[in-house]
Amino acid sequence: MRIIDTYPDIPAAFENGAFSPARWRDYIDRTLPGVRPLLEADAKQTLAEGPFTWEKDYLPVLNAVIRDGPLRERAHRAFRLVTEGLEQSIPAKFGKTLDVDLIFYLGLCSGAGWVTAVGGRRTVLLGLEKIMELNWCSQDDMRGLVWHELGHVYQDQYGVLERHFDRAADQFLWQLFTEGVAMVFEQTLADDAGYYHQDRDGWKAWCDEHFEDIKADFHRDLDSITSADQRWFGDWVRYRGHGDVGYYLGCRFVRYILTMVPFDDILRFDIPDVSRLFEQFMEQA
């Protein structure tokens, strides 16, 4: 595991207190060669699909990075504390190491955490601008974010993370499963099967109380779900006024699977395995 911290170079992406695309390109090419085309393509696709705009949704988030120094420093301090000793803690819990680059950087609002490949290496991109926007700047918040993304890396390294399907229902069911795997990975590192980094203001208690409704509604949504109307994954969507509910359901689903199959054995599942077990999961009271 390599920890790459570009924080000292991030101010170079701004000019006169405002985000500068030209300066940002210089910063990203200098500190992280090969990353810029990935980020620009993602931003272009997101903006093309709408309803987001550069002026309304991107620039305010990016400008907040340079304007809110205390929050920026808090996020960076949390990153340093969370990654200290991280490489040793994973084999202590799982008996295996991770081959990954963990990068703290300024992106183009692609996400607080993004597992991808850069130069042929597994990479976790931790976007300071989104971390600050979501106020995931405490040590506990950062721990949950980093652990969750490393859970995806673990599945990618020791199983199969990315699968692509023709049916949107299969794609979203697969996402439910992989997010659940990452949530259980978090909980294992935390030594707490009830740990959810999203648990604020009664979030988990509400999800527990409405579990059967959540399960039934997700199952029902699979008949017509699309990227435009899904309400389960991403900080921009809400289910009955609550965010991240798909992560909760995914965790409950994977916990159900683990009553029958060991954790490492589920990492190579394909969609027929997931679909069959989800239907069983739906029948459980």
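The structure under discussion appears in the preceding block.
S.K.: Please set out the sheet that holds strand β4 (residues 101-105) residue by residue, giving values where relevant.
M.R.: A sheet is described by the order of its strands in space; here four strands give the open sequence β1-β4-β6-β5, paired in mixed fashion. On the outer flanks of this sheet lie β1 (2-5) and β5 (113-118), each paired with one strand and no other. Recorded for the sheet is a direction-independent mean angle of 25 degrees between the axes of neighbouring strands. Here five bridges tie β4 to strand β6 (residues 121-127), and the two strands are oriented parallel to one another. Bridge assignment links Leu-102 to a residue of β6, and that residue is Val-124.

S.K.: Tell me about the packing of helix α5 (residues 86-94) against helix α7 (residues 139-158), and name the residues and values.
M.R.: The interhelical angle for the contact between α5 and α7, taken along N-to-C directions, is 60 degrees, at an axis separation of 13 Å. It follows from the interaxial angle that α5 and α7 lie oblique. For α5 against α7, the interelement crossing comes out right-handed. Residue-level inspection shows Leu-86, Ile-90 and Phe-94 of α5 in contact with α7, the latter providing Val-146, Trp-147, Leu-150 and Tyr-154. Looking at the contact of α5 with α7, its residues break down into seven nonpolar, no polar and no charged.

S.K.: So what's going on with helix α11 (residues 245-257)? Which residues, and what values?
M.R.: With 13 residues, α11 ought to run about 18 Å at 1.5 Å a step, and its terminal C-alpha atoms sit 19 Å apart, in line with that. Of all the 13 residues making up α11, 11 are buried; the element is thus mostly covered by neighbouring parts of the structure. Among all positions in α11, only Val-245, Gly-246, Tyr-247, Tyr-248, Leu-249, Gly-250, Cys-251, Phe-253, Val-254, Tyr-256 and Ile-257 are buried. Those residues of α11 that are buried lie in contact with α7, α8 (168-190), α9 (203-209), α10 (211-221), α12 (263-266) and α13 (271-283).

S.K.: I'd like a rundown of the environment of Leu-258, residues and numbers included.
M.R.: With respect to the helices and strands, Leu-258 occurs in the loop between α11 and α12. A relative accessible area of 23% means that Leu-258 is categorised as partly exposed. Sequence-wise, Leu-258 and Val-184 are 74 residues apart; in three dimensions their C-alpha atoms are separated by 9.8 Å.

Calculation rules
- Residues numbered from 1 in each chain as written.
- Predicted model: local features only at pLDDT ≥ 70, side-chain atom pairs only at ≥ 80, totals over all residues.
- Heavy atoms only, no water.
- Pairing = 2+ DSSP bridges.
- Helix = DSSP H or I, 4+ residues; strand = E, 2+ residues; numbered from the N terminus.
- Axes fitted to C-alpha atoms, helices over the stretch in contact; angles between N-to-C directions.
- Parallel < 35°, antiparallel > 145°, perpendicular 65-115°, else oblique.
- Left-handed = near helix turned anticlockwise from the far one by under 90°.
- Contact = heavy atoms within 4.5 Å.
- Nonpolar A, V, L, I, M, F, W, Y, C, P; charged D, E, K, R; others polar.
- Expected span 1.5 Å × (residues − 1).
- Buried < 20%, exposed > 50% of the residue type's maximum accessible area, 1.4 Å probe, protein only.

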